Amino acid sequence: MSRLDAIVVGAGVSGLTTAHELLAAGLRVELWAKDRPPHTTADVAAAFWYPFLVNPSARVDAWATTAYARFRKLAHMPGNGVVMREVFELRPDHDDHGAATPAWVAQLDGLRPMTASELGDSHRRGRRFFAPVIETPRYMPWLVERIERCGAKIVSRSIDSFEPAFERAPIVVNATGLGARQLTGDLALISLEGVLVKIEPPPGWPDDAPVVVDERRASTVAYVVPRSGDVVLGGTARPVPPPPTTRPSDPSRASADDVEAIVSRCTGLVPDIGRATRREVCVGYRPYRAEIRLELERHDKGWLVHNYGHGGAGVTLSWGCAAQAVHELAQTGYPGLDAVPRTAS
Ligand SMILES: Cc1cc2nc3c(=O)[nH]c(=O)nc-3n(C[C@H](O)[C@H](O)[C@H](O)COP(=O)(O)OP(=O)(O)OC[C@H]3O[C@@H](n4cnc5c(N)ncnc54)[C@H](O)[C@@H]3O)c2cc1C
């Protein structure tokens, strides 16, 4: 059995992206995962780039900015499902007591306040900008293919301790999403259920229809995300007991009230939605923590790199968190890792 540099546990967007960056830095990597795409949390997400339900803000700013630049580059390349779309973001009517604007806002392409005519009668404040939409049904298979082409295997394997992984490699990445609760005993990690409704594009819709996000009710952000073959409507974010698996759930778990409330709020934002045919309802579980856990832990056989707890922004932050994980490993002097990670596109 050939010696590996790293085992990445988890093949969701966090594990796959971290594996990609370790491979780009020249390491020999294998992934172990209970489930792989299309059965991971990101597979239900739309997903659009938006730092939502995630902390801590200073680190999130940096990771989101890195990932924005990376996705923007990917959007210029064919076949990966990443598209830059305009976003209309409706803000709460009043400033949040002078809360500072997050730093990630400043770097957005095409950023400008919405005009009174764009806002209409029911909204008072909003901004427009361009952001990546990462169409996960195309993006996740592309990411898997990239990793496999770099020589990494994705092994179907569930673990209940990291010891077997340290038997194979001196670096182990814990990218197990909600699975980390049981693996590390981290009770700060909770599960936020999210319901989405996928619909056909309304007849006559333009290919470049914008994303619309209504941030006015912090507890239930509503959003409309057009994609190449459908439109994703969201959403809910409700704390629930941790599910026995990180797999997206059976859609029958979604309550009819939630589904109707989502469609009705989204129709209020974009009236055309009322004429569209419904396709499916999806339910997934965001791995939420008051702070993302991205840190190195010393192990007697090497380094355990935690990268989990990305809440509602695991896709948004994926390239930033992966680059940070590689950077921190480089600080340990691990042979072959440059101090500044290479970021192959
Ligand atoms: C409805 C909904 C909408 C969302 N929309 C967006 C969006 O628009 N933009 C955005 O950025 N984010 C969005 N998110 C959040 C995003 O999907 C998550 O933050 C992200 O997918 C988490 O990825 P992860 O790789 O950390 O975890 P997961 O995808 O849960 O992957 C965990 C991996 O670890 C494996 N695993 C777990 N335990 C074990 C074990 N013991 N042994 C071996 N393997 C194990 C699993 O099988 C899986 O491969 C949304 C989430 C939901 C639910």
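It should be noted that the structure appears before, not after, this text.
Every value quoted in this text rests on a predicted model; they were computed, and no experiment measured them.

(A) A look at the overall build of the protein chain. Along the backbone of the protein chain there are 10 helices and 14 strands. Here the C-alpha radius of gyration of the protein chain, 20 Å, is about what a compact globule of 345 residues would show, namely 20 Å. Within the protein chain, contacts between residues separated by at least 24 positions form 77% of all contacts whose residues are at least 6 apart in sequence. Accessible surface, the protein chain: about 15,000 Å² in total, of which carbon and sulfur atoms supply 52%.

(B) Summary view of the site of the ligand. Near the ligand, the surroundings consist of 38 residues, among which S14, D35, T41, G311 and T316 are the closest. V315 has a polar backbone atom sitting 3.1 Å from an oxygen atom of the ligand. Calculation on the ligand without its partners gives an accessible area of 1,000 Å², and the protein chains cover 98% of this total. At four residues, strand β13 (residues 278–299) tops the list of elements feeding residues into the shell around the ligand. Here the shell around the ligand is built from residues that sort into 17 nonpolar, 17 polar and four charged.

(C) Representation of the pattern of salt bridges. Taken as a whole, this structure holds 25 salt bridges when the rule is applied. R70 serves as the salt-bridge partner of E21, at 3.2 Å between the closest nitrogen and oxygen. Of the two residues, E21 sits in helix α1 (residues 13–24) while R70 sits in helix α3 (residues 57–75), which places them 49 residues apart along the sequence. By relative accessible area, E21 is classed as buried at 1%. A salt bridge links D230 to R227; the nearest nitrogen and oxygen atoms lie 2.8 Å apart. Residue classification places R227 among the buried positions, given a relative accessible area of 7%. Connected through salt bridges with shared partners, the residues E86, R112, E118 and R128 form a single ionic network.

(D) Summary view of the packing of α1 against helix α6 (residues 136–149). The N-to-C vectors of α1 and α6 enclose an angle of 35°; their axes lie 10 Å apart at closest approach. Seen from above, α1 lies across α6 with left-handed handedness. Taken together, the residues of α6 that come into contact with α1 (itself represented by V13, L16, T17, A19, H20 and L23) are Y139, M140, L143, V144, R146 and I147. A breakdown of the residues in the contact of α1 with α6 according to their chemical character gives nine nonpolar, two polar and one charged.

(E) Looking closely at the packing of aromatic side chains. Here the structure, examined in full by the defined rule, presents seven aromatic pairs. Ring geometry for Y50 against W104: centres 6.1 Å apart, planes inclined by 70°, an arrangement best described as edge-to-face. Of this pair, Y50 sits in the loop between α2 (41–44) and α3 while W104 sits in helix α4 (residues 103–106), and the two are 54 residues apart along the sequence. For Y50, a relative accessible area of 3% corresponds to the buried category. Linked through ring pairs, F48, W49, Y50, Y68, W104 and Y223 together constitute an aromatic cluster. Above the ring of W32, the side-chain terminus of R157 is found at 4.1 Å from the ring centroid. Sitting above the plane of the W303 ring, R298 keeps its charged end 4.5 Å from the centroid.

(F) Here's a closer look at the side chain of D258. Here D258 lies in helix α9 (residues 256–269). For D258, a relative accessible area of 10% corresponds to the buried category. Those residues within four positions of D258 in sequence are excluded, and the remaining contacts are V195, T236 and R238.

(G) Representation of helix α10 (residues 314–331) within the structure. End to end, α10 covers 24 Å across 18 residues, agreeing with the expected 26 Å (1.5 Å per residue, within 8%). Burial within α10 is extensive, with 14 of its 18 residues counted as buried. In the segment just after α10, G333 is the residue with positive phi, at about 80°.

(H) Representation of the side chain of H299 within the structure. With respect to the helices and strands, H299 occurs in strand β13. Other than its neighbours up to four places away in sequence, H299 contacts E163 and F166.

(I) Main features of α1. In a regular helix each residue adds 1.5 Å, so 12 residues correspond to 16 Å; α1 covers 16 Å between its end C-alpha atoms and thus fits that length. Extensive coverage of α1 is indicated by the burial of 12 of its 12 residues. Phi turns positive, to about 100°, at G26, one or two residues after α1.

What counts and what doesn't
- Residues numbered from 1 in each chain as written.
- Predicted model: local features only at pLDDT ≥ 70, side-chain atom pairs only at ≥ 80, totals over all residues.
- Heavy atoms only, no water.
- Helix = DSSP H or I, 4+ residues; strand = E, 2+ residues; numbered from the N terminus.
- Rg over C-alpha atoms; globule rule 2.2 N^0.38 Å.
- Contact = heavy atoms within 4.5 Å.
- Areas by Shrake-Rupley, 256 points an atom, 1.4 Å probe, with all protein chains shown as cover.
- Near = heavy atom within 4 Å.
- Polar contact = N/O pair within 3.5 Å; in protein donor to acceptor, adjacent residues only side chain to side chain.
- Nonpolar A, V, L, I, M, F, W, Y, C, P; charged D, E, K, R; others polar.
- Salt bridge = Lys/Arg side-chain N within 4 Å of Asp/Glu carboxyl O.
- Buried < 20%, exposed > 50% of the residue type's maximum accessible area, 1.4 Å probe, protein only.
- Axes fitted to C-alpha atoms, helices over the stretch in contact; angles between N-to-C directions.
- Left-handed = near helix turned anticlockwise from the far one by under 90°.
- Phe/Tyr/Trp six-rings, centres within 6.5 Å; stacked < 30°, edge-to-face > 60°.
- Lys NZ or Arg CZ within 6 Å of the ring centre and 35° of its normal.
- Expected span 1.5 Å × (residues − 1).

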